[in-house]
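# Fold and geometry: a report
So you can see what is in the structure, the chains are spelled out below.
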Amino acid sequence: MSNGNVNVSKLIDDSPFTLFQTVTIIVGFLLLALDGYDAQIISFVAPAIEKVWHTSPASLAPIFSSSLVGLAIGALISGPVADRIGRKSTVLISVFVFGVLSLLTATATNLTGLLILRFLTGFGLGGCMGTVTALMAEYAPQRIRKTVLSIMWTGFPVGATVGGIISTQIIPDLGWESVFYLGGIAPIVVGLIAIFGLPESIRFIVVRGRNKARIVLPLNRIAGAGTVTAQDEFYVPEPNLKGFPVKYLFTEGRARNTILVWIVFFMTLLLIYFLTNWMPTLLKGVGFPMSKALIAASMLQGAALSVPSCSDP
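Reading the values: rules and limits
- Along each chain, residues carry numbers from 1 onward, in the same order as the chain's sequence is written.
- Per-residue local features of the predicted model are confined to residues with pLDDT of at least 70, and side-chain atom pairs are confined, for both listing and counting, to 80 or more; whole-chain, interface and lining totals are unaffected and use all residues.
- In computing side-chain properties, one takes all heavy atoms of the structure into account and sets aside hydrogens as well as water.
- Counting from the N terminus, the helices are the DSSP runs of H or I reaching at least four residues and the strands are the DSSP runs of E reaching at least two.
- Radius of gyration means the value over C-alpha atoms here, while the globule rule gives 2.2 Å times the residue count to the 0.38 power.
- When a residue's accessible area, from a 1.4 Å probe over protein chains only, is under 20% of the maximum for its type it is buried; when over 50% it is exposed; and in between it is partly exposed.
- Two residues form a contact once any of their heavy atoms are found within 4.5 Å.
- For accessible areas, the Shrake-Rupley method is used with a probe of radius 1.4 Å. Any residue's cover is judged against the shown protein chains and nothing else.
- A residue counts as positive if it is Lys or Arg and as negative if it is Asp or Glu; His and the chain ends are not included.
- Charged side chains are reduced to one point each, which is NZ for Lys, CZ for Arg, CG for Asp and CD for Glu.
- Under this definition, polar contacts are N or O atom pairs within 3.5 Å; protein pairs additionally need one hydrogen-donor-capable and one acceptor-capable atom, and for neighbouring residues in sequence, both atoms have to be side-chain atoms.
- One confidence number per residue, pLDDT, is output by the predictor and ranges from 0 to 100.
- Note on terminology: a nonpolar core comprises buried Ala, Val, Leu, Ile, Met, Phe, Trp, Tyr and Cys residues joined through side-chain atoms within 4.5 Å.

For the protein, the helix and strand inventory stands at 12 helices and 2 strands. Helices (α) and strands (β) of the protein occur, in sequence order from the N terminus, as β-α-α-α-α-α-α-α-α-α-α-β-α-α. Taking 20 Å as the expected radius of gyration for a compact globule of 313 residues, we find that the protein reaches 21 Å, a close match to that expectation. When the 313 residues of the protein are sorted by exposure, 46% land in the buried category. The contacts in the protein between residues at least 6 apart in sequence include a share of 80% that link residues at least 24 apart. Per element, the accessible surface of the protein, about 15,300 Å² overall, is 70% carbon and sulfur. Distance between charge centroids for the protein: 3 Å, based on 21 positive and 15 negative side chains.

Let's shift gears to the side chain of Ser94. Position of Ser94 relative to the elements: it lies in helix H4 (residues 87-105). Judged by relative accessible area, which is 7%, Ser94 ranks as buried. A distance of 2.8 Å separates a polar atom in the side chain of Ser94 from the backbone oxygen of Thr90. With residues near it in sequence (within four places) discarded, Ser94 still touches Gly124, Gly127 and Cys128.

Attention now moves to the side chain of Thr131. In this structure, Thr131 sits in helix H5 (residues 111-139). A polar contact is formed between the side chain of Thr131 and the backbone oxygen of Gly127, at a distance of 2.6 Å. Every residue in contact with Thr131, bar those within four places of it in the chain, is listed here: Ser78, Ala82, Arg87, Thr90 and Val91.

Moving on to the confidence of the model for the protein. Scored by pLDDT, the protein comes out at a mean of 85, with 92% of its residues at no less than 70. Across the protein, H4 holds the top mean pLDDT of 94, while helix H12 (residues 290-302) sits lowest at 74.

Leu31, Leu219 and Phe234 are the most contacted members of the largest nonpolar core, which has 43 residues in total. For this core, the secondary structure elements donating two or more residues are helix H1 (8-14), helix H2 (19-53), H4, H5, helix H6 (145-153), helix H8 (177-197), helix H9 (202-208) and helix H10 (213-223). Top element by residues in this core is H5. It accounts for 8 residues. The contact partners of Leu31, leaving out residues within four places of it in the chain, are Val91, Val95, Cys128, Val132, Val190 and Leu198. Counting 25 residues, the second largest nonpolar core, distinct from the first, contains Ile41, Ala46, Ile49 and Ala297.

This is the structure we're talking about:
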């Protein structure tokens, strides 16, 4: 039993990995899998849309770009929003946003409507991706954090791979709209589960200093019943940064490394999304059956699962 000041981060690091944290990671995995599914399904339905709407491959280029632009904006603004309303709330809003907008995308009747809806869907996709990762990191002990996050992040390529496989099965019978209906209903269902299965950011609650019961409950689930009480004082060792958080990436000598990391990630994602978005359309254009083209594109994401990631010592 604690008596006095409690370092929340240290308490989590020193405690065993529990069922509570396992459930949290599973929910995070599912959210990222759905994020991956919804982020990539436009590429899987593109050949079908091209055929039904009698469009050219070039006319689809703005559609592919719009969701990526929306995703970038969503990722950028989700951090400041999460600092204000909490990471769990931001995740839930993001999931419901891309779920509802995916349902609406199925009702699109022209390229302009599809472009707008995919752009707005990107807000939710980008907001969910980074915020879920940050939230999961808080509840993973330092000694296994890299491993936990690596496992959880396999959800994204799993979702994208499954999306391609599912598309080959349902598009011929139910049309391209069915892929978006599934991509809308599933996030809403998992979002409802996340309301109960996903905890709020422990750092957010501690920094805000509100409702100690919301701090005590998850910590006792991790460290054991009675480990902490509402009479304890809780703190996190990280500084409470003021203003727009991104600006701190360019202070205290971080600017050069920040820019270099951004360039590496930008070029990597540019290549990945270029290949993923265009592969089904290009393969179909050179004579591949659509089912084979979709499977080939989904395997590109599936191959990411075999790449070893950083692990904990």
